[in-house]
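Chain residues, written in single-letter form:
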Amino acid sequence: MSPFTYHRATSTDDAAARLAGARAVPMGGGTDLLVAIDEGVVAPAQLVDLRGVPGADAVALDARGALRIGGAARVHDVARHPAVLERWPALAQACEAVGSPTLRQMGTMGGNLCQRPRCWYFRRGVSCFKNGGDECPAVDGENQYLAVIGGGPCHAVHPSDPAVALTALEATVEITSAGGTRTVPIAAFFVPPAEAPERETVVGPGEFVSAIGVPAVSAGGVQRYHKLMQREAWDFALVSIAAVRPAAGGVRMALGGVAPGPWRVNSSVEEDVASGGLDDDSISALAERALYDAQPLSKNGYKIEMAGALLRQAMRELAT
Amino acid sequence: MRLTVNGQPYDLAIAGHESLVAILRGRLGLTGTKVACGRGECGACTVLIDGKPAYACLTLAAACEGAAVSTIEGLGAAERLHALQQAFIAHDALQCGFCTPGQIMAAAALLAQTPRPTEAEVRHGMSGNLCRCGAYPKIVRAVLDAAQRLEAARGA
Ligand SMILES: Cc1cc2nc3c(=O)[nH]c(=O)nc-3n(C[C@@H](O)[C@@H](O)[C@H](O)COP(=O)(O)OP(=O)(O)OC[C@H]3O[C@@H](n4cnc5c(N)ncnc54)[C@H](O)[C@@H]3O)c2cc1C
Ligand code: FES
Ligand code: FES
């Protein structure tokens, strides 16, 4: 591993000041960062550990019933939080689906949203759009795990499970730097590769995710997270889905594993699901409409079928 | 900096990029903790940090200042094995034994949180530890047995 120094931030201001330094990067559990450094994907001079910042690991409800998740909150603590299990079960299920029990105890929510894609060309140092190259070697290569929708010029998918649930729950992400704090809706947090293929999120140098906000939901309703993997545990999603139908009405669905970021299903499809009265034929037609723009690469057409199956299953579950 | 392992404090000069497993094995001679993948994909290096499981290959030693690190060496002594160690022997829950220290530390974390796990909970809770020899069925039985042994010891 190339040498770097380590600093445990003592406050939000201290973290922001340190991150303003040259080649300083934020660290949570290090479960992705230390591997990425080992692979040569990033070469920081200083790691700024955010886990010691007072309150950064908290998961708490505010007076209006919204959820605030600190950037350094552990994935495990979100998965098992009583209020999350009760009010935001799709998020609890998505967090419980991350990696292994030990990775969930180590990994933070900020690190989870900012983890780098697992495309093996990128991770193994092959020249590609993510590391300054000008072509995607996966297009004519091994692309079985890559995007079927919204990709290009880079086709890597974002590996986060929680991000998919947070998209269906219309969360917001609070981003802090020495210059202050801004809050962006999760739909604007992930950057499409057509805009900037070298990065995945709007988090710039010197910035870090200080919190995630999840809007209040009324009790009741239906929420689901389903994840298809090559084996039953400890693997990234081939395809996943988060589906939410609050008791107050409306339907929101997002797919994981199919696009460069969480893929929110078209609102006209969501509205038709919400209006109800669906049968097998209309469910199939809606699933097809949701994937209308999907275009497989040479080896990942199976993902469109998987996404269709998950969409149909979720629509049935939301109807009951 | 001061690193506390199995209750014993060590004063060490540690560079920012050194991993906990490298320090445990290379500097402290605690070679019970194994390394196989070095990238969070096998669990051989599992230790406890403040009672929570962690992969020591993906943990910076410098980040452990002020924390209590527990390794397999601290769990039991040769003359007085921990219930998990006894159960692993009784059920022959290993073949080559390379994954065993990590399996036992992960099981210790699981039983601390869930003292009376169901079989499904054991499978889920142990899903971050691979066994190349495929001793899984016996590992599950050993963990369930250890839970009973610990419960009996608490009751006694
Ligand atoms: C074997 C394996 C399997 C995995 N399986 C899954 C899975 O199934 N699902 C899943 O979702 N994830 C999976 N992961 C990814 C796992 O690393 C994340 O889930 C974990 O939550 C990352 O959090 P961390 O705190 O360890 O991040 P770190 O490794 O500390 O950081 C990851 C990246 O984010 C940056 N960063 C860290 N914190 C912040 C912050 N607050 N603000 C801005 N940037 C930040 C770092 O600079 C780095 O680039 C897996 C990882 C491994 C090794
Ligand atoms: S050696 Fe640490 S997880 Fe494999
Ligand atoms: S006993 Fe050989 S790897 Fe588990």
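Residues numbered from 1 in each chain as written. Chains lettered and ligands numbered in written order. Predicted model: local features only at pLDDT ≥ 70, side-chain atom pairs only at ≥ 80, totals over all residues.

**Q** Residue-level account of unusual backbone geometry, with values.
**A** Residue and element names in this part refer to chain A. The peptide bond linking G152 to P153 adopts the cis configuration, its omega dihedral lying at 5 degrees. For E170, which is not a glycine, the phi torsion comes out positive at approximately 50 degrees. With respect to the helices and strands, the residue E170 is situated in the loop between α9 (162-168) and β6 (172-177). (Helix = DSSP H or I, 4+ residues; strand = E, 2+ residues; numbered from the N terminus.)

**Q** Tell me about the site of ligand 1, and name the residues and values.
**A** Taken together, 34 residues sit near ligand 1, with A:G28, A:G29, A:G107, A:G110 and A:G111 positioned nearest. Of the chains in the model, those with residues near ligand 1 are chains A and B. Those elements that place two or more of their residues in the shell around ligand 1 are β2 (24-27), α2 (33-38), α6 (101-106), α7 (109-114) and β8 (208-214) of chain A. Class assignment for the residues of the shell around ligand 1 results in 16 nonpolar, 14 polar and 4 charged. (Near = placed C-beta within 6 Å. Nonpolar A, V, L, I, M, F, W, Y, C, P; charged D, E, K, R; others polar.)

**Q** Go over the nonpolar core with me, naming the residues and quoting the values.
**A** A:L91 and A:A242 are the most contacted members of the largest nonpolar core, which totals 153 residues. Sorting elements by how many residues they give to this core places helix α4 (residues 100-113) of chain B first, with 8 residues. Once residues within four sequence positions are removed from consideration, A:L91 is found in contact with A:V78, A:V84, A:P162, A:A165, A:L166, A:L169 and A:V214. (Core = buried A, V, L, I, M, F, W, Y, C linked by C-beta atoms within 7 Å. Buried ≥ 20, exposed ≤ 12 C-beta atoms within 10 Å, placed from the backbone. Contact = placed C-beta atoms within 7 Å.)

**Q** Summarise the domain arrangement of chain B; cite the residues concerned and give the values.
**A** Residue and element names in this part refer to chain B. Split by domain assignment, chain B resolves into domain 1 (2-75) and domain 2 (83-155). Relative to domain 2, the C-alpha centre of domain 1 lies at a distance of 21 Å. Facing 16 residues of domain 1, the contacting portion of domain 2 comprises 14 residues. Elements with a contribution of two residues or more to the side of domain 1 that touches domain 2: β3 (46-49), β4 (52-55) and α2 (72-75). It is β3 that provides the largest number of residues to the side of domain 1 that touches domain 2, a total of 3 residues. For the side of domain 1 that touches domain 2, a count of residues per class yields 9 nonpolar, 5 polar and 2 charged. (Domains from an automatic or database assignment.)

**Q** Let's hear about the interface of chain A and chain B: which residues, and what values?
**A** Contact with chain A, which involves 21 residues of that partner, is made by 20 residues of chain B. With 5 residues, the single largest contributor to the side of chain A that touches chain B is α6(A). Residues belonging to the side of chain A that touches chain B are distributed by class as follows: 12 nonpolar, 6 polar and 3 charged.

**Q** I'd like a rundown of the sheet that holds strand β11 (residues 252-256) of chain A, residues and numbers included.
**A** Residue and element names in this part refer to chain A. With antiparallel pairing, the 4 strands of this open sheet are ordered in space as β9-β10-β11-β12. Each edge of the open sheet is held by one strand with a lone partner, namely β9 (222-228) and β12 (263-264). One ladder, built from 2 bridges, connects β11 with β12; its direction is antiparallel. Residue pairing for β12: L255 is matched across the bridge by W263. Strand contacts of helix α12 (residues 302-319): β9, β10 (239-245) and β11, with the helix running at about 20 degrees to β10, the strand carrying the most contacts. (Pairing = 2+ DSSP bridges. Axes fitted to C-alpha atoms, helices over the stretch in contact; angles between N-to-C directions.)

**Q** Go over the sheet that holds β2(A) with me, naming the residues and quoting the values.
**A** Residue and element names in this part refer to chain A. Strand order in the open sheet formed by 3 strands is β1-β3-β2, and the pairing between neighbours is parallel. Since the sheet does not close on itself, it has two edges, and those belong to β1 (5-8) and β2, each with one partner. Each strand axis lies, on average, 25 degrees off the axis of its neighbour in the sheet, ignoring direction. Sheet analysis places β2 next to strand β3 (residues 46-49), joined by 4 bridges and oriented parallel. When the bridges of β3 are listed, V25 appears paired with L47. Sheet strands touched by helix α1 (residues 12-19): β1, β2 and β3. Its angle to β3, the strand with the most contacts, is close to 165 degrees.

**Q** Hey, could you go over α4(B) for me, with residue numbers and the actual values?
**A** With 14 residues, α4(B) extends 20 Å between its outermost C-alpha atoms, agreeing within 8% with the 20 Å of an ideal straight helix rising 1.5 Å per residue. Of all 14 residues that make up α4(B), 12 are buried, and the element is covered over most of its length. (Expected span 1.5 Å × (residues − 1).)

**Q** Describe the domain arrangement of chain A, and please don't skip the residues or the numbers.
**A** Residue and element names in this part refer to chain A. Domain annotation of chain A identifies domain 1 (53-214) and domain 2 (222-319). The distance between the C-alpha centroids of domain 1 and domain 2 comes to 19 Å. The partner domain 2 presents 33 residues to the 37 residues of domain 1 that form the contact. The element contributing the most residues to the side of domain 1 that touches domain 2 is α9, with 5 residues. Split into classes, the residues belonging to the side of domain 1 that touches domain 2 amount to 23 nonpolar, 10 polar and 4 charged.

**Q** Explain the pairing of β10(A) residue by residue, including any values.
**A** All names here are of chain A. Of all 7 residues that make up β10, 7 are buried, and the element is covered over most of its length. Judged by which residues are buried, β10 turns out to be covered on both faces: V239, I241, A243 and R245 on one side and S240, A242 and V244 on the other are all buried. As paired elements, β9 and β10 share 7 bridges and run antiparallel to each other. Bridge pairing links Q223 to V244 in β10. Inspection of the sheet shows β10 paired to β11 by 5 bridges, in the antiparallel sense. Counted as the bridge partner of A242 is A254 from β11. Taken together, β10 and the strand that follows it, β11, pair antiparallel across an intervening segment of 6 residues, in which G249 is found at a positive phi of about 110 degrees.

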